[in-house]
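Residues per chain are reported as follows:
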Amino acid sequence: MRNQTADASYIHTMDLAPNNQFHNVNVNNCLIENAGGSGIWAERCIRLSINSNNRIINPAGYGVYYANSIHPSQDYMELLGTTIRNAGLDGVRLDGERISANIIRNRIEGSQGWGVNAVNNWGSVYVNIINNNRLGGVRNASVTNANRSLNVYHNTLHNNTGPAVLLDSAAASITAVNNIYSSNTVGIRRAAGTRTARSSLFRQNTTDRDGVTAHTGDRTGDPLYQNAAAMDFDLT
């Protein structure tokens, strides 16, 4: 899908399917380029899987936006193996009522907003490359609900203009483990809320930690990327 004037893919389901079955929506092997709105805008899906070699390039809005859950104990999104590049807003925005999300093995880079912006949600951000996003890498905030936790493990967070990881609400929590923070304005920042941060590598950030205490397992050193200038973050 190229050059759509609005959202390239708009997904909206009604309430529960017949016989109380859950809606399952799968997006696989798609190229979405130059959308006039968001790459994928999804509402009320219950089970949304975006995986298997999708590429969302240059959307004017969000790369992926998921909102308005209809079944708070069951709503789930999986984003796997997808490239999101140069979104006009956030690369990924989760803005529903208690959506659970797993964001795994993606490249999210060049967004004008956050790489991943989770509001009132919980889930996991694992093994992603989150690079060169204007507001920052990963943000967890809870505006209306308490106890929204996000696990951020094994990610490469490079050259984000704001914090690579931000905990931004007293009602939220974040656990950040075994990440690489390199060339960001701030590696990890806690503005409010509960955080656990440990066993990570810091390299050439303007500030490594803000509101976060260093852990004995943290290290400072060269991650030995193949070629960061060419956005090749494989390790030698």
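Higher on the page you've got the structure.
Values in this document were obtained by computation on a predicted structure and should not be read as measured data. (Residues numbered from 1 in each chain as written. Predicted model: local features only at pLDDT ≥ 70, side-chain atom pairs only at ≥ 80, totals over all residues. Heavy atoms only, no water.)

Thoughts on the overall build of the protein chain
- A count of helical and extended segments in the protein chain gives zero helices and 26 strands.
- Taken across its 236 residues, the protein chain has 51% of its residues classed as buried.
- Within the protein chain, counting contacts between residues at least 6 apart in sequence, those at least 24 apart form 54% of the total.
- Here the protein chain displays about 10,100 Å² of accessible surface, and carbon together with sulfur accounts for 43% of that area. (Helix = DSSP H or I, 4+ residues; strand = E, 2+ residues; numbered from the N terminus. Buried < 20%, exposed > 50% of the residue type's maximum accessible area, 1.4 Å probe, protein only. Contact = heavy atoms within 4.5 Å. Areas by Shrake-Rupley, 256 points an atom, 1.4 Å probe, with all protein chains shown as cover.)

So, the packing of aromatic side chains
- Applying the stated criterion across every chain, the model contains six aromatic pairs.
- An aromatic cluster is present here, built from Trp 41, Tyr 62 and Tyr 65 joined pairwise through their rings.
- Of note, Arg 209 hangs over the ring of Phe 202, and the distance from its end group to the ring centre comes to 4.3 Å. (Phe/Tyr/Trp six-rings, centres within 6.5 Å; stacked < 30°, edge-to-face > 60°. Lys NZ or Arg CZ within 6 Å of the ring centre and 35° of its normal.)

A closer look at the sheet that holds strand β9 (residues 83–85)
- The nine strands lie next to each other as β3-β6-β9-β12-β15-β18-β20-β22-β24, forming an open sheet whose pairing is parallel. Because the sheet does not close on itself, it has two edges, and the strands there are β3 (31–33) and β24 (219–220).
- Pairing analysis gives three bridges linking β3 to strand β6 (residues 55–57), with the strands arranged parallel. Each bridged residue has a counterpart across the sheet, and for Glu 33 the counterpart in β6 is Ile 57. (Pairing = 2+ DSSP bridges.)

Brief notes about the pattern of salt bridges
- Across all of its chains, the model carries eight salt bridges by this definition.
- Asp 90 is paired through a salt bridge with Arg 93; the nearest N and O atoms lie 3.8 Å apart.
- Taking relative accessible area as the criterion, Asp 90 reaches 5% and is therefore assigned buried.
- Overall, Arg 93 belongs to the buried group, its relative accessible area being 18%.
- We note a salt bridge from Asp 218 to Arg 209, for which the minimum N-O separation is 3.3 Å.
- Judged by its relative accessible area of 12%, Asp 218 falls in the buried class.
- Each of the salt bridges in this network shares a partner with another, and the network as a whole consists of Arg 85, Arg 107 and Glu 109. (Salt bridge = Lys/Arg side-chain N within 4 Å of Asp/Glu carboxyl O.)

A look at the nonpolar core
- In terms of nonpolar packing, the biggest core is built from 41 residues, with Met 77, Val 92 and Ile 103 touching the most fellow members.
- By residue number, the principal contributor to this core is strand β19 (residues 163–177), which donates six residues.
- Filtering out sequence-adjacent residues up to four positions away, Ile 103 remains in contact with Met 77, Leu 79, Val 92, Leu 94, Ile 108, Val 116, Ser 124, Val 125, Tyr 126 and Asn 128.
- Counting five residues, the second-largest nonpolar core is a separate cluster that includes Ile 129, Leu 201, Tyr 225 and Phe 233. (Core = buried A, V, L, I, M, F, W, Y, C linked by side-chain atoms within 4.5 Å.)

A short note on the pairing of strand β5 (residues 47–51)
- The buried fraction of β5 amounts to four of the five residues, a majority that puts the element mostly inside the structure.
- Two elements, strand β2 (residues 24–28) and β5, share five bridges in a ladder whose sense is parallel. What sits directly across from Asn 26, in β5, is Ser 49.
- Relative to strand β8 (residues 76–80), β5 is paired through four bridges, and the arrangement is parallel.

Focus on the environment of Asp 75
- Checked against the element boundaries, Asp 75 lands in the loop between β7 (64–67) and β8.
- Between the C-alpha atoms of Asp 75 and Ile 99, which are 24 residues apart in sequence, the distance is 5.3 Å.

Points about unusual backbone geometry
- Even without being a glycine, Asn 29 presents a positive backbone phi close to 55 degrees.
- Residue placement: Asn 29 occurs in the loop between β2 and β3.
- One non-glycine residue, Met 231, lies in the positive phi region at around 60 degrees.
- Residue placement: Met 231 occurs in the loop between β25 (225–227) and β26 (232–235).
- The partly exposed category is assigned to Met 231, whose relative accessible area is 36%.

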